[in-house]
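Take a look at the letters that make up each chain.
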Amino acid sequence: MLRVLMFLVPLALSVYAFIDCISTKDDDVRHMPKPLWAILVLLFPLVGSLSWIIAGKKRSPAAEGWSGVRAARTQRWVAPDDNPEFLKSLDDDKKDEDRDDRRRDEP
């Protein structure tokens, strides 16, 4: 059983890394061109896969750990009930509905 796992885990890792590499947008690839990363993953399955996962792709701010904290503070998601633009749009919708109701009531 252990022999099978020693073969399947690196194989699964290299398949995952290769598919992730070829499906990543060119803008999100770091340090080397994407074809070079794909060749590295294919020629050196374990080292290339780990290198791709660690350094090859730009990750989301949440996955970047502490380095993403600054980005999360500058571009954070705001709940609709706390978003002034959303609340203003609700007020505008309410005014439009009131205006339509007044027009319907007039003879």
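Keep in mind that what you see is a predicted model, and the values were worked out from it rather than measured.

Let's talk about the packing of helix α1 (residues 2-23) against helix α3 (residues 45-56)
- It is the contact of α1 with α3, at a shortest axis distance of 9 Å, that shows an interaxial angle of 45 degrees. When the interaxial angle is binned, α1 and α3 end up oblique. Helix-helix and strand crossings are classified by hand; for α1 and α3 the assignment is left-handed. Within the contact between the two elements, α1 uses Pro-10, Leu-13, Ser-14, Tyr-16, Ala-17, Asp-20 and Cys-21 and α3 uses Pro-45, Leu-46, Ser-49, Leu-50, Trp-52 and Ile-53.
- Along the lines of polarity and charge, the residues of the contact of α1 with α3 split into ten nonpolar, two polar and one charged.

Thoughts on the packing of aromatic side chains
- What the rule picks out here adds up to one aromatic pair.
- Ring geometry for Trp-37 versus Trp-52: centroids 5.5 Å apart, planes at 70 degrees, classification edge-to-face. Of this pair, Trp-37 sits in helix α2 (residues 34-43) while Trp-52 is found in helix α3, placing the two residues 15 residues apart along the sequence.
- A residue is classified by how much of its surface remains accessible, and Trp-37, at 4% relative accessible area, is buried.

Observations concerning the side chain of Thr-24
- Topologically, Thr-24 is positioned in the loop between α1 and α2.
- With residues up to four places along the chain from it excluded, the contact list for Thr-24 reads Val-29, Lys-34, Trp-52 and Lys-57.

What to know about the side chain of Asp-20
- Turning to its location among the elements, Asp-20 is positioned in helix α1.
- Excluding its chain neighbours within four sequence positions, the residues that come into contact with Asp-20 are Trp-52, Lys-57 and Arg-59.

Quick notes on unusual backbone geometry
- At His-31, a residue that is not glycine, the phi angle is positive and equals roughly 75 degrees.
- Here His-31 lies in the loop between α1 and α2.
- A residue is classified by how much of its surface remains accessible, and His-31, at 65% relative accessible area, is exposed.

Describing the confidence of the model for the protein chain
- Per-residue confidence for the protein chain gives a mean pLDDT of 81, with 83% of residues at or over 70.
- Of all secondary-structure elements in the protein chain, the lowest mean pLDDT belongs to helix α4 (residues 69-74), at 52, while α2 reaches the highest, 92.

Points about the pattern of salt bridges
- If you walk through the whole model with that rule in mind, you get five salt bridges.
- Among the salt bridges present, the one from Lys-88 reaches Asp-92, with a minimum N-O distance of 3.4 Å. Taken together, the residues Lys-88 and Asp-92, both in helix α5 (residues 84-105) and four residues apart, mark about one turn of the helix.
- Judged by its relative accessible area of 31%, Asp-92 is partly exposed.

A few points about a nonpolar patch on the surface
- A surface patch of nonpolar side chains, amounting to about 730 Å² of accessible area, comprises Ile-39, Leu-43, Phe-44, Leu-46, Val-47, Leu-50 and Ile-54.
- Contributing elements (two or more residues each) for the nonpolar patch: α2 and α3.
- Looking at the nonpolar patch, the element that brings in the most residues is α3, giving four residues.
- The exposure class of Val-47 is exposed, given its relative accessible area of 57%.

Scoring rules and cut-offs
Residues numbered from 1 in each chain as written. Predicted model: local features only at pLDDT ≥ 70, side-chain atom pairs only at ≥ 80, totals over all residues. Heavy atoms only, no water. Axes fitted to C-alpha atoms, helices over the stretch in contact; angles between N-to-C directions. Helix = DSSP H or I, 4+ residues; strand = E, 2+ residues; numbered from the N terminus. Parallel < 35°, antiparallel > 145°, perpendicular 65-115°, else oblique. Left-handed = near helix turned anticlockwise from the far one by under 90°. Contact = heavy atoms within 4.5 Å. Nonpolar A, V, L, I, M, F, W, Y, C, P; charged D, E, K, R; others polar. Phe/Tyr/Trp six-rings, centres within 6.5 Å; stacked < 30°, edge-to-face > 60°. Buried < 20%, exposed > 50% of the residue type's maximum accessible area, 1.4 Å probe, protein only. pLDDT = per-residue confidence, 0-100. Salt bridge = Lys/Arg side-chain N within 4 Å of Asp/Glu carboxyl O. Patch = residues over 30% accessible without salt bridge, like charges linked within 9 Å, V, L, I, M, F, W, Y side chains within 5 Å. Areas by Shrake-Rupley, 256 points an atom, 1.4 Å probe, with all protein chains shown as cover.

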